[in-house]
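# Geometric and topological summary
Here is what each chain is made of, one letter per residue.
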Number of protein chains: 2
Amino acid sequence: MLIATWNVNSIRTRLDQVTTWLESHPLDLLCLQETKVSDEEFPRKPFSQLGYHLYLSGQKSYNGVALVSREPLTEVSCGFAPVLGEQGGLDDQKRLITGLLRGVRVVNLYVPNGGSGSEKYEYKLHWLHTLGKYVKSILAEAVCLCGDFNVAPEDRDIHDPVAYAGHVMATVPERQALGALMALGLKDPFREFTPESGHYTWWDYRAGSFRRNRGWRIDHFYLSSHLVPKQCWIDPSVRELPRPSDHVPVLLEL
Amino acid sequence: MLIATWNVNSIRTRLDQVTTWLESHPLDLLCLQETKVSDEEFPRKPFSQLGYHLYLSGQKSYNGVALVSREPLTEVSCGFAPVLGEQGGLDDQKRLITGLLRGVRVVNLYVPNGGSGSEKYEYKLHWLHTLGKYVKSILAEAVCLCGDFNVAPEDRDIHDPVAYAGHVMATVPERQALGALMALGLKDPFREFTPESGHYTWWDYRAGSFRRNRGWRIDHFYLSSHLVPKQCWIDPSVRELPRPSDHVPVLLEL
DNA sequence: GAGGTTGCTG
DNA sequence: CAGCAACCTC
């Protein structure tokens, strides 16, 4: 089974790139983040024409997640509320969608960025702690968590860990929140195959970051112990296309 | 001598199209309208690299005219004031630039559109009447008036004159104002060679107007009797490029 | 730097 | 439908 996660930074702007990429990659499931579109405005046709089913949790301008699945998914839900109950407006931003595929509970996330302002940073930490409770509640099932976590878990996940020590996406509290998830028994399949640094999933649009490989690994898979990864890799090629997303896809074979 | 007029609807957005077109057309002078950029922000390099001199009268966001000349121009001036004196703020909008090329006084215009609101319509008529005084004052010289006049002089200059009878760009007062110019002794060289309808220079971006050739001929040359046109034609080909201007160039050989 | 928004002009 | 501006987010 082949699953990918990709923050596309607007599905409407990236539509041709995503469908072209999907045609050349035989995915069972594609998890999208930052679709930036309401469900009514989502471009459904190009995906249904490729034989995919769509499950959407979008809003206009910001955030938005989607599941693009070859087979129909079951038990699809959005946000924390279906598992944890109402969380004081935390689901107002569309950042979580989940569905069951062949017994695997796939949870597709867009973690708040948390930059520019302590309010947003606190919101991110609160969101990550709520995610911890959410995952704990579903761990009886086989869980595949994936998406844009906006956290580089370790120094080897940043091109220049010294310069960016303590920077948002690399602070101790963020890494601890992610560590608390791992402590529930989740593993990072990418690091089971690729221990060295230099592999990233996001490069700032500014200052020629991609050309100089000044990236961050902030898009991840996390698997519960029921699941055994066969392969996990990043596809940086799409970052070279004209008008790319700032993120590239990560693929997982189960 | 080969002269062209082209409303490019933003020189920054159309820069590659304009320079590419200029490379394949051996113009002596290119008259641009709706450059939509201040003189400081105008992309000068691409034109100087092609061996052209630039004379600019721009502003940010709206309007803006430019002369792009193979040879240096002399006696360049902007607006009505240098000829008529201050006209009560009529030169605040950058719509007129003129220069002398081999004894020909070329006047490059962007006439107000005049749509959506009687105030704007009145402004357009006032502007056209002021232009009449301006032309009258310079008619001792050989005059080549050109640009976006935002007026279809006759019914044969509209794809559907019945449906658009009395529409802005085809009202009697606008046509009379243009007629008053002609009465000073100016002639339309395009109509000396091409009497039939179906030749347009502008198509609305909306409703597939170009595909259906639902256009208007609103970009013109007008020549004083000193000047004899060898040829005058429209080049609609650039309207088929991706992200085209809504106007196409008109060319005049003298 | 590159997405998105609203509001304006054409 | 396609420019612009100003503003927001990442």
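This text follows the structure it describes.
The sections below set out a description of the structure shown in this document. Since the structure is predicted, the reported quantities are computational estimates derived from the model, not experimental observations.

### A few points about the overall build of chain A
Broken down by element type, chain A carries six helices and 11 strands. Scaling as 2.2 N^0.38, a compact globule of 254 residues should have a C-alpha radius of gyration of about 18 Å, and chain A matches this with 17 Å. Judged by the C-alpha coordinates and their principal axes, chain A covers about 45 × 40 × 35 Å. The buried share among the 254 residues of chain A stands at 56%. When contacts within chain A are restricted to residue pairs at least 6 apart in sequence, long-range pairs at least 24 apart make up 70% of them. For chain A, the distance from the average position of its 27 positive side-chain charges to the average position of its 30 negative side-chain charges is 3 Å.

### Re helix H1 (residues 11-23) of chain A
Residues and elements named next belong to chain A. The largest bend in H1 is about 35°, located at Gln-17. Among the residues of H1, those classed as buried are Ile-11, Arg-14, Leu-15, Gln-17, Val-18, Thr-19, Trp-21 and Leu-22. Against strand S1 (2-7), strand S2 (29-33), helix H2 (45-49), strand S4 (65-69) and strand S11 (250-253) lie the buried residues of H1.

### Quick notes on the protein's contact with DNA strand C
Looking at DNA strand C, there are 16 residues lining it, with Ser10(A), Thr13(A), Lys60(A), Ser61(A) and Arg243(A) nearest. Sugar plus phosphate, as a fraction of atoms of DNA strand C within 4 Å of the protein: 82%. Contact between DNA strand C and Arg243(A): a phosphate oxygen at 2.9 Å from a side-chain N or O atom of the residue. Separating a phosphate oxygen of DNA strand C from a side-chain N or O atom of Lys120(B) is a distance of 3.3 Å.

### A few points about the pattern of salt bridges
Residues and elements named next belong to chain A. A complete count under the given rule lists 24 salt bridges over all chains for this structure. When the shortest N-O distance is used, the salt bridge between Glu-41 and Arg-12 registers 3.8 Å. Here Arg-12 lies in helix H1 and Glu-41 lies in the loop between S2 and H2, a separation of 29 residues in the sequence. With relative accessibility at 46%, the residue Arg-12 sits in the partly exposed group.

### Concerning the sheet that holds strand S5 (residues 74-78) of chain B
Residue and element names in this part refer to chain B. Within the open sheet, the five strands sit side by side as S5-S6-S7-S8-S9. Their pairing is mixed. Each end of this open sheet is capped by a strand with a single partner; those strands are S5 and strand S9 (219-223). On average, adjacent strands in this sheet sit at an angle of 15° to one another, irrespective of strand direction. As judged from the five bridges shared by strand S8 (residues 142-148) and S9, these two strands associate in the antiparallel manner.

### Considering the environment of Pro244(B)
All names here are of chain B. In this structure, Pro-244 sits in the loop between strand S10 (231-234) and strand S11 (250-253). Its relative accessible area of 12% is what places Pro-244 among the buried residues. As for Pro-244 and Thr-13, which are separated by 231 residues in sequence, their C-alpha atoms are 9.2 Å apart.

### Quick word on the pairing of strand S2 (residues 29-33) of chain B
Residues and elements named next belong to chain B. Most of S2 is tucked away, with five of its five residues classed as buried. Here S2 shows two buried faces, one formed by Leu-29, Cys-31 and Gln-33 and the other by Leu-30 and Leu-32. By the bridge criterion, five bridges tie strand S1 (residues 2-7) to S2 in an arrangement that is parallel. The residue of S2 that forms the bridge with Trp-6 is Leu-32. In the classification by handedness, the crossover that spans S1, the intervening helix H1 (residues 11-24) and the parallel S2 is right-handed. Relative to strand S4 (residues 65-69), S2 runs antiparallel, the two being bridged by five bridges. For Leu-29, the partnering residue across the bridge sits in S4 and is Ser-69.

### A word on the layout of surface pockets
All names here are of chain B. When its volume is computed, the largest pocket comes out at roughly 900 Å³. Along the walls of the largest pocket sit 35 residues, with Tyr-110, Asn-113, Gly-114, Gly-115 and Asn-150 positioned nearest its centre. Of the residues contributing to the lining of the largest pocket, the split by class is 12 nonpolar, 12 polar and 11 charged. Empty space within the second largest pocket amounts to approximately 470 Å³. Split by residue class, the lining of the second largest pocket holds seven nonpolar, nine polar and six charged.

### Digging into the protein's contact with DNA strand D
By nearness alone, 14 residues border DNA strand D, and Asn113(A), Ser10(B), Arg14(B), Ser61(B) and Arg243(B) come closest of all. The sugar and phosphate moieties of DNA strand D supply 91% of its atoms located within 4 Å of the protein. Here Ser10(B) contributes a side-chain N or O atom positioned 2.8 Å from a phosphate oxygen of DNA strand D. Between a phosphate oxygen of DNA strand D and a side-chain N or O atom of Arg14(B), the distance comes to 3.1 Å. Of the residues contributing to the surface near DNA strand D, the split by class is three nonpolar, four polar and seven charged.

### Describing the sheet that holds S11(B)
Residues and elements named next belong to chain B. What the six strands build is an open sheet, ordered S3-S4-S2-S1-S11-S10; its pairing is mixed. Of all the strands in the sheet, just strand S3 (53-57) and S10 have a single pairing partner and so form its edges. Averaged over all neighbouring strand pairs, the angle between strand axes comes to 15°, with direction disregarded. Relative to S11, S1 runs antiparallel, the two sharing four bridges. Pairing of Leu-2 across the sheet is with Glu-253, part of S11.

### Considering the pairing of S11(B)
Inspection of the sheet shows S10(B) paired to S11(B) by four bridges, in the antiparallel sense. For Trp233(B), the partnering residue across the bridge sits in S11(B) and is Leu251(B).

Analysis parameters
Here the residue index of a chain counts from 1 through its sequence in written order. Throughout, the order in which chains and ligands are written sets their labels, letters from A for the former and numbers from 1 for the latter. The predicted nature of this model means local features are confined to residues of pLDDT at least 70 and side-chain atom pairs, given and counted, to a pLDDT of 80 or more, with totals for whole chains, interfaces and linings taken over all residues. By convention in this description, side-chain values take in all heavy atoms of the structure and omit both hydrogens and water. The way it works is that DSSP assigns letters per residue, a run of H or I at least four long becomes a helix, a run of E at least two long becomes a strand, and they are numbered from the N terminus. Just to be clear, the radius of gyration here is over C-alpha atoms, and the globule rule we use is 2.2 Å times residues to the power 0.38. Note on classification: 1.4 Å probe, protein chains only; a residue is buried when its accessible area is under 20% of the maximum for its type, exposed when over 50%, partly exposed between these limits. Contacts are residue-level and defined by heavy atoms, with any inter-residue pair within 4.5 Å sufficient. When charges are tallied, Lys and Arg are placed among the positive residues and Asp and Glu among the negative ones, while His and the ends of the chain are skipped. A charged residue contributes its charge at one atom only: NZ of Lys, CZ of Arg, CG of Asp or CD of Glu. Here the bend at a residue means the angle between the axes of two seven-residue stretches, the one that ends at it and the one that starts at it. To be near a molecule or strand, a residue needs just one of its heavy atoms within 4 Å of it. Contacts described as polar in this section are N or O atom pairs within 3.5 Å, which, within protein, must combine one atom able to donate a hydrogen with one able to accept it, while residues neighboring in sequence count only if both atoms come from side chains. For this analysis, a salt bridge means a side-chain nitrogen from Lys or Arg found within 4 Å of a carboxyl oxygen belonging to Asp or Glu. Whether two strands pair comes down to DSSP finding at least two bridges between them. Axis definition: a line fitted to C-alpha atoms, over the contacting stretch in the case of helices. Angles run 0 to 180 degrees between N-to-C directions. Seen with its strands pointing away from the viewer, a crossover is right-handed when the path leading from the first strand over the helix to the second is clockwise. Every definition here rests on a 1 Å grid over the protein atoms only: cavities are sets of points where a 1.4 Å probe fits but cannot get out, pockets are open sets enclosed by protein on both sides within 12 Å along at least five of seven lines, and lining residues have some atom within 4 Å of a point. Grid points are joined across faces, edges and corners, and a volume is the space filled by probe spheres set on the points. Ten residues, namely Ala, Val, Leu, Ile, Met, Phe, Trp, Tyr, Cys and Pro, are considered nonpolar, four, namely Asp, Glu, Lys and Arg, are considered charged, and the remaining ones, Gly among them, are considered polar.

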